[in-house]
Amino acid sequence: MTLKKEKKKQEQPEERQRWSVEDAKELYGVDRWGLRYFDVSAKGDVMVAPLKENGASIRVLDVVQEAREQGLHFPILIRFQDLLRDRVERINGAFNAAIDEFNYKSIYRGVYPIKVNQLREVVEEIIDAGAPFHYGLEVGSKPELFAALAFHEDPESLIICNGYKDHRFIKTALIGMKLGKKVILVVEKVEEIKNIIKYAQKYKIEPQLGIRIRLSSKGLGKWDKSGGDEAKFGLAAPEILAASNLLKKAGMADCLKLVHFHIGSQVPDILTIKKATREAAMYFAKLKKFGHNLEYLDVGGGLGVDYDGSRSTFHSSANYSLNEYARDIVYNIMDICDMEQVDHPVIINESGRAVVSHHSVLVVEAFGHIKKVPDRKAATKPKLKHRLLEESWFTYTNINPDNPLEAYHDALHLREEAQTHFGLGLIGLEIKAEVEKFFWLISEEVFKHYRGAEYIPEEIMDMEYTLSGQYLCNFSVFQSLLDHWGFGQLFPIMPLHRLNEEPTEKGTLVDITCDSDGKVSKFISHYEEGVDTLNLHPLNNKPYYLGIFLTAAYQDIMGDLHNLFGRVNEAHVFLDEDEEAGYYIEETIEGTTMEKVLGLVQYSGNELARLMKRQFDTAIKKDRLRPNEGMRLLNEYEKGLKEYTYLDLL
Ligand SMILES: Cc1ncc(COP(=O)(O)O)c(C=O)c1O
């Protein structure tokens, strides 16, 4: 027997205390990732307090129920708009507090990068909540700029234009400047400057420019390619000099107002942020001394979200808080500028992930449970006579503390033998099925024997995953959890109810796409890399709802149409003291219908219906269908086209 990995001693069943909601909170890590926005009620339901202690707490399932009454089907995405507002206030509050604390001699002007979630309702809410702080917008493409220009009205707040720019991009930004907006064009490559100079002269406007610096400091984590020598964007030192000379030659040295960097989204380690900030501040100081009237230092995005609550440098975590982040940025910029004796710049940051992540919850229904291990009631002596069955039964009934690993190896061998016999036609399906049944029963029994053991062989440890079942969930990983599929980012997932009941099953989640990658099989845990299964409740013929949390950054917006599952239904919730429930659903947005999603791949609903009608007409002519029946079925087809792409489980 190989004893490879050490495993934490688990409690024996008899030692276990009665399950409480506190255990559920601990198990799912609610206090670690929930930032006090999420909690579990004494009745075992997930609650959300969008304004933390400053507002009401809502039972998530009440909102779901109301959305259902308004006709929305699962999956449903719920946006808590007050939570979004709270995040905007907190990020501005954190920077302003740091500025006060260090007696920093300038101000903070944050911008929301709309790529993180471009939904109009999200952007509008952020603009509204950010108005007292002159909180602006960041865009990285032409469509984002077109949206931002129209929705931005505060002449004090900024529009930062990142990304590669063509003529239309530059002209449109200059139109914004003509309207009196503070639009800053951040140069990503030297050639852009020539176009900017050309159009600025044509439009008779003095543009405000920034340059994105390619820092040598690199982020850690999944988005670390945004910084360092291999970065796609930004100017290295020689290019910065070339840009500076171009501007000076055009008499536009004073137009360079901003130094920008972005070392990647979700930077897990604060040390990276400190280092990058100091490096960028040095660029700022040197360029200022080089004859440019710089006013702004833009530290980009990167502020991490602690998805798994581990407060570590793991990619789905961050080892620092918002306040620490803001203090480090303010302090390090100040330190370098004081050292270099240049005025403190206006600090811009472009955090989106940390602003929006928490405000939406995706609610999915688990509608089936695929179990490998049969019910123990099925463990009766086989009626069929066969050596493989006799040995299976013997192995199963003779597992004891001295031989669990041996029993497991015997079961493995029996299963393999059964497979070979079946392949050769020596046994039938019934015997194969019975051997497999005992294989799983033996495995489960063996696994139980190791509970609480100090050392557990690796093959037994793996059983935690192999014995687990699969919960079928009505959603698409590709539409709603793309970063989990793409590179294993973890998200907090937990049942929204029954949390006063011990979740005794272990499972993974599988979605309804026809793709074996359409699953979630890594979950947050105390262990850094996450765990392979989620503790869930046995299904009980009643609806079972799971919440997938912290999905509003990127996931809500980047989803793809794999299998043509479209955007999900949304309900937008506002707190309101005058409402009996303490909140109301301000708006529902219907997810994509089949007709719409088919339209995106060039099928027209009318054309489909016409083609179907032709086939029904032929079937009627050939007496395969009666006219009435044919027309009724055609109506069904047409009705279906207007419906939601996900399963209607009612
Ligand atoms: C230039 C720029 N600014 C801001 C952001 C948003 O950063 P975060 O996701 O860390 O909020 C990004 C995203 O990668 C970005 O590319």
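The structure this text deals with has already been given above.
Remember, it's a predicted structure, so these values are computed and weren't measured experimentally.

Rules used in this analysis
- Residues numbered from 1 in each chain as written.
- Predicted model: local features only at pLDDT ≥ 70, side-chain atom pairs only at ≥ 80, totals over all residues.
- Heavy atoms only, no water.
- Helix = DSSP H or I, 4+ residues; strand = E, 2+ residues; numbered from the N terminus.
- Buried < 20%, exposed > 50% of the residue type's maximum accessible area, 1.4 Å probe, protein only.
- Contact = heavy atoms within 4.5 Å.
- Areas by Shrake-Rupley, 256 points an atom, 1.4 Å probe, with all protein chains shown as cover.
- Pairing = 2+ DSSP bridges.
- Axes fitted to C-alpha atoms, helices over the stretch in contact; angles between N-to-C directions.
- Near = heavy atom within 4 Å.
- Polar contact = N/O pair within 3.5 Å; in protein donor to acceptor, adjacent residues only side chain to side chain.
- Nonpolar A, V, L, I, M, F, W, Y, C, P; charged D, E, K, R; others polar.
- Phe/Tyr/Trp six-rings, centres within 6.5 Å; stacked < 30°, edge-to-face > 60°.
- Right-handed = clockwise from strand over helix to strand, strands pointing away.
- Patch = residues over 30% accessible without salt bridge, like charges linked within 9 Å, V, L, I, M, F, W, Y side chains within 5 Å.
- Salt bridge = Lys/Arg side-chain N within 4 Å of Asp/Glu carboxyl O.
- Expected span 1.5 Å × (residues − 1).
- Core = buried A, V, L, I, M, F, W, Y, C linked by side-chain atoms within 4.5 Å.

Q: I keep staring at the overall build of the protein and nothing clicks. Help me out?
A: Scanning the protein for helices and strands turns up 23 helices and 23 strands. Across its three principal directions, the C-alpha atoms of the protein cover 95 × 75 × 55 Å. Counting across all 650 residues of the protein, residues that qualify as buried make up 54%. Of the contacts formed within the protein by residues at least 6 apart in sequence, a portion of 76% connects residues at least 24 apart. Of the roughly 29800 Å² of accessible surface on the protein, 50% is carried by carbon and sulfur atoms.

Q: Explain the sheet that holds strand β7 (residues 136–139) here, please?
A: One key point about sheets: their strands pair by backbone hydrogen bonds, in either a parallel or an antiparallel sense. The parallel open sheet is built from eight strands, whose spatial order is β6-β7-β8-β9-β10-β11-β12-β13. Among the strands making up the open sheet, the edge pair consists of β6 (111–113) and β13 (346–348). If you compare each strand with its neighbour and ignore which way they point, the axes differ by 25 degrees on average. In this sheet, β13 lies alongside strand β12 (residues 296–298) in parallel orientation, the contact comprising three bridges.

Q: Is there a simple way to think about the site of the ligand in this case?
A: The full set close to the ligand counts 16 residues, and S265, G302, E350, G352 and Y554 are the nearest of them. A distance of 2.6 Å separates a nitrogen atom of the ligand from a polar side-chain atom of E350. Between the ligand and Y554 there is a distance of 2.5 Å, counted from an oxygen atom to a side-chain nitrogen or oxygen. A total of 390 Å² of accessible area belongs to the ligand in isolation, and the protein chains cover 91% of it. Residue composition of the shell around the ligand, grouped by class: three nonpolar, eight polar and five charged.

Q: How should the packing of aromatic side chains be read in this particular structure?
A: What characterises a pair of aromatic rings is the spacing of the ring centres plus the angle enclosed by the ring planes. For the coordinates displayed, the defined rule picks out 19 aromatic pairs. Between Y307 and F491, the aromatic rings sit 5.3 Å apart at their centres with planes inclined by 75 degrees, giving edge-to-face as the arrangement. Of this pair, Y307 sits in the loop between β12 and α11 (322–340) while F491 sits in the loop between α19 (482–487) and β17 (493–495); the two residues are 184 residues apart in sequence, bridging distant segments of the chain. This pair shows no difference in class: Y307 is buried, exactly as F491 is.

Q: Even after reading the chapter, I still don't get the pairing of strand β10 (residues 208–212), so can you show me in this structure?
A: Each regular strand shows side chains that alternate between the opposite faces of the sheet. Counting buried positions over the five residues of β10 gives four, a clear majority of the element. Crossover handedness for the path strand β9 (residues 182–187) to helix α8 (residues 190–202) to β10: right-handed. Both β10 and strand β11 (residues 256–260) contribute to a ladder of four bridges, which runs parallel. Counterpart to R212 in the pairing with β11 is H260.

Q: Would you take a moment to explain the side chain of R79 for this structure?
A: Residue position: R79 is located in strand β5 (residues 76–80). A residue is classified by how much of its surface remains accessible, and R79, at 0% relative accessible area, is buried. A distance of 2.8 Å separates the side chain of R79 from the side chain of D556, its partner in a polar contact. For R79, the contacting residues outside a window of four places in its chain are N117, L119, V122, H359, S360, A552, D556, R567, E570, A571, H572 and V573.

Q: I tried to follow the environment of V446 on my own but got confused; where do I start?
A: Position of V446 relative to the elements: it lies in helix α15 (residues 429–449). On the accessibility criterion, V446 (0% relative accessible area) is buried. Once the C-alpha coordinates of V446 and P401 are considered, the two residues, 45 residues apart in sequence, prove to be 9.0 Å apart. The residues touching V446, leaving out its near neighbours within four places in the chain, are I399, P404, A407, Y408, I460 and M463.

Q: How do you make sense of a nonpolar patch on the surface when you look at a structure like this?
A: On the surface, F367, L647 and L649 cluster together into a nonpolar patch covering about 210 Å² of accessible area. Position of L647 among the secondary structure elements: in the segment after α23 (627–641).

Q: Please explain helix α7 (residues 167–178) as it appears in this structure.
A: Think of an α-helix as 3.6 residues a turn; residues three or four steps apart then line up on the same face. Relative to the 16 Å expected for twelve residues at 1.5 Å per residue, α7 spans 16 Å between its end C-alpha atoms, a close match to the ideal helical length. Listed in full, the buried residues belonging to α7 are F169, I170, K171, T172, A173, L174, G176 and M177. Buried residues along α7 sit against β7, α6 (142–151), β8 (158–161), β9, α8 and β10. One side-chain oxygen of the residue at the start of α7 lies 3.2 Å from the amide nitrogen of R168, identifying that residue as D166. Just downstream of α7 lies G180, where phi reads positive at about 90 degrees.

Q: What's the story with the environment of S141 in this structure? I'm lost.
A: The residue S141 is located in the loop between β7 and α6 in this model. Each C-alpha atom of the pair S141 and Y164 lies 7.6 Å from the other, and the pair is 23 residues apart in sequence. If we ignore the near neighbours within four places in the chain, the residues touching S141 are N162 and F169.

Q: Is there a simple way to explain the pattern of salt bridges in this structure?
A: One side chain can pair with another of opposite charge once the charged atoms of both are near each other. What the rule picks out here adds up to 39 salt bridges. One salt bridge connects D556 with R79, and the closest N-O pair in it is separated by 2.8 Å. Taken together, the positions of D556 in helix α20 (residues 555–558) and R79 in strand β5 put the pair 477 residues apart, joining distant regions of the chain. Per residue, the accessibility class of D556 equals that of R79, and both read buried. Between D166 and K142 there is a salt bridge; the shortest N-O distance is 2.7 Å. In this pair, D166 sits in the loop between β8 and α7 while K142 sits in helix α6, placing the two residues 24 residues apart along the sequence. The exposure class of K142 is partly exposed, given its relative accessible area of 31%. Ionic contacts of the salt-bridge type, sharing partners, join the residues R79, D556, R567 and E570 into one network.

Q: What's the story with the nonpolar core in this structure? I'm lost.
A: If you look at soluble globular proteins, the nonpolar side chains tend to sit buried side by side. Of all hydrophobic cores here, the largest spans 151 residues; its most connected members are F38, Y112 and V356. If one sorts the elements of this core by residue count, α11 sits on top with nine residues. If near-sequence neighbours (up to four positions away) are discounted, Y112 is found in contact with N117, V122, V123, I126, Y135, G136, L137, E138, S351, G352 and V356. Counting 19 residues, the second largest nonpolar core, distinct from the first, contains F439, I442, M463 and L467.

Q: Can you help me understand unusual backbone geometry in this one?
A: Of all residues except glycine, most have a negative phi; of all peptide bonds, most are trans. With an omega of -5 degrees, the peptide bond running from F74 to P75 counts as cis. Relative to the assigned elements, P75 resides in the loop between α3 (60–69) and β5. Located in the positive-phi region is Y554, a residue other than glycine, with phi close to 70 degrees. Topologically, Y554 is positioned in the loop between β21 (544–549) and α20. With a relative accessible area of 14%, Y554 lands in the buried category. Backbone geometry at Q602 places phi at a positive 75 degrees, although glycine is not the residue there. Position of Q602 among the secondary structure elements: in the loop between α21 (594–599) and α22 (605–621). Owing to a relative accessible area of 71%, Q602 belongs among the exposed residues under this scheme.

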